[in-house]
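So you can see what is in the structure, the chains are spelled out below.
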Amino acid sequence: MEIRIEKAKTLKEKPIASTLGFGKVFTDHMLIVDYNEKEGWHDARIVPFANLSIHPASTVLHYGVEIFEGLKAYRRKDGSIRMFRPLENVRRMNRSAERMCLPQMDEKDMLKCFETLVSLEKDWVPSENGTSLYIRPFMFGNDETLGVHAVKNATFVIITSPVGSYYKEGINPVKIMIESDDVRAVRGGTGEAKCGGNYAASNRAGKRAEEKGYSQVLWLDGVERKYIEEVGAMNVMFKINGTVVTPMLSGSILPGITRKSCIEVLKSKGYKVEERRISIDELAKAMEDGTLEEAWGCGTAAVVSPIGELCYQDKHFTVNGGKIGKVTQELYDTLTGIQWGVLPDTFGWTYPVK
Ligand SMILES: *Cc1c(COP(=O)(O)O)cnc(C)c1O
């Protein structure tokens, strides 16, 4: 794949690192690749960051055919830049595309897209503690017709955004509401694809939780509303009686790269990890008898996010006295240590950007 580069005539001023939030500031350029049945993926280009122009009948606007990814590039002390496990995102994007009948993109080509854009925008990768450049690839169906079919035209775009430290004043445990009405996904649905529609359907429960002072929702399975699935945009793990337990990938849960990395780190440190079904009854019992020792969410944005309080059907449970647990802290330190190059990358997870 050849990527044409059209540089922006004027560059934006870089924001001060301490004012960076999440996904509010975008860099000077974006990458676009078009797809149609005849030419396949073609006209890969990096252009100045600007609004997209799409046909009002474009598939994505009516039928929500859209998938996305999220990964980060980190600047190390020596100034070099590395992405974290980018090939995992490439592969998951293609799996999501398969589910939505969007076209596959060659793995090397997609990786080259990530790399070329980050390399051009390298001055935007912040260096302050806890900051990184968030990379958001997305793909959408772009047929110019209201007919409902598997799409014949698609657009692949990458935008990048410098993001601040997720934790402003140290790691603060979050309060999570267990949702017993709305469900996020069912087996056979789109839960294991990273698609925009999953988020559209989860906003109502998220809004209700926020109104009650909770930061995110913990979802139960869509059939029996009995088994734990995941938290908002993160997978979830519990330490019960010394063992780390996380819901197994059942078809309705997003297979997180942070989840996978946590499991690999925990096992390498000798922790017992179980991927299995966990019922809300088992969790409630562990909360009541005190065997729930730690709980945390894991995902690219926060890396590891301790859960300090869980609420289920108006009952409140405090986890580990509302403080971050030992294993949660160890996981956070290990993963971020590898990401920022403070610890050796014994797993070979970091990918240098020239
Ligand atoms: C992206 C995402 C995650 C976390 O995946 P990572 O690869 O670890 O960032 C978890 N759940 C949902 C619903 C997601 O969209």
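Summary of the structure given here.

How each quantity is defined
Numbers given for residues are sequential positions, taken from 1 along each chain in its written order. Only residues with pLDDT of at least 70 are given local features in this predicted model, and only at 80 or more are side-chain atom pairs given and counted; all residues enter the totals for whole chains, interfaces and linings. Excluding hydrogens and water, the side-chain figures rest on all heavy atoms present in the structure. Numbering goes from the N terminus for both helices and strands, where a helix is a DSSP run of H or I of at least four residues and a strand is a run of E of at least two. Here the expected length of a helix is defined as 1.5 Å per residue gap, with one fewer gap than residues. Fitting one axis to the seven residues ending at a residue and another to the seven starting there, the bend at that residue is the angle between the two axes. Residue exposure (1.4 Å probe, protein chains only): buried if accessible area is under 20% of the type maximum, exposed if over 50%, otherwise partly exposed. In what follows, a contact means two residues having at least one pair of non-hydrogen atoms within 4.5 Å. By salt bridge we mean one thing: a side-chain nitrogen of Lys or Arg within 4 Å of a carboxyl oxygen of Asp or Glu. Working definition: residue near molecule or strand if any one of its non-hydrogen atoms lies within 4 Å of it. Between N or O atoms, a polar contact is any pair within 3.5 Å; within protein, one atom must be a potential hydrogen donor and the other a potential acceptor, and residues adjacent in sequence are included only when both atoms are from side chains. Accessibility throughout is a Shrake-Rupley quantity obtained with a 1.4 Å probe, and a residue counts as covered only by protein chains that appear here. Classification convention: Asp, Glu, Lys, Arg as charged; Ala, Val, Leu, Ile, Met, Phe, Trp, Tyr, Cys, Pro as nonpolar; all other residues, Gly among them, as polar. Between the rings of Phe, Tyr and Trp (Trp by its six-membered ring), a pair exists once the centres lie within 6.5 Å; its type follows the angle of the planes, with under 30 degrees stacked, over 60 edge-to-face, and the other angles tilted. Our definition puts a charge over a ring when NZ of Lys or CZ of Arg is within 6 Å of the ring centre and also within 35 degrees of the ring normal.

In this section: helix α4 (residues 196-211). Taking 1.5 Å as the rise per residue, α4 with 16 residues should run 22 Å; its terminal C-alpha atoms sit 23 Å apart, in good agreement. Of all the bends in α4, the largest measures some 40 degrees and sits at Asn 203. What α4 keeps buried is the set Asn 198, Ser 202, Ala 205 and Ala 209. Buried residues along α4 sit against β9 (174-178) and β10 (216-220). Of the residues trailing α4, Gly 213 is marked for its positive phi of about 90 degrees.

Time to look at the pattern of salt bridges. For the structure shown, the criterion picks out 21 salt bridges. Between Arg 204 and Asp 182 there is a salt bridge; the shortest N-O distance is 2.8 Å. Taken together, the residues Arg 204 in helix α4 and Asp 182 in the loop between β9 and α4 connect sequence positions 22 residues apart. Judged by its relative accessible area of 12%, Asp 182 falls in the buried class. Residue Glu 282 is joined to Arg 276 by a salt bridge in which the shortest nitrogen-to-oxygen separation is 2.9 Å.

Close to the ligand lie 15 residues; Lys 194, Tyr 199, Glu 230, Thr 258 and Thr 300 are nearest. At 2.5 Å from an oxygen atom of the ligand is found a side-chain nitrogen or oxygen belonging to Tyr 199. Between a nitrogen atom of the ligand and a side-chain N or O atom of Glu 230, the distance comes to 2.5 Å. With the chains in place, 96% of the 380 Å² that the ligand exposes on its own is no longer accessible. Residue classes in the shell around the ligand are distributed as five nonpolar, six polar and four charged.

Considering all chains together, one arrives at nine aromatic pairs under this definition. On the basis of an interplanar angle of 20 degrees and a centroid distance of 6.3 Å, the ring pair of Phe 138 and Phe 140 is categorised as stacked. The two residues Phe 138 and Phe 140 agree in class, both being buried. The structure contains a cluster of three or more aromatic residues connected by ring pairs, namely Tyr 35, Trp 41 and Phe 156. It is Lys 175 that lies over the ring of Tyr 214; its NZ or CZ is 5.3 Å from the centre. A cation sits over an aromatic face here: Arg 277 above Tyr 227, 4.0 Å from the ring centre.

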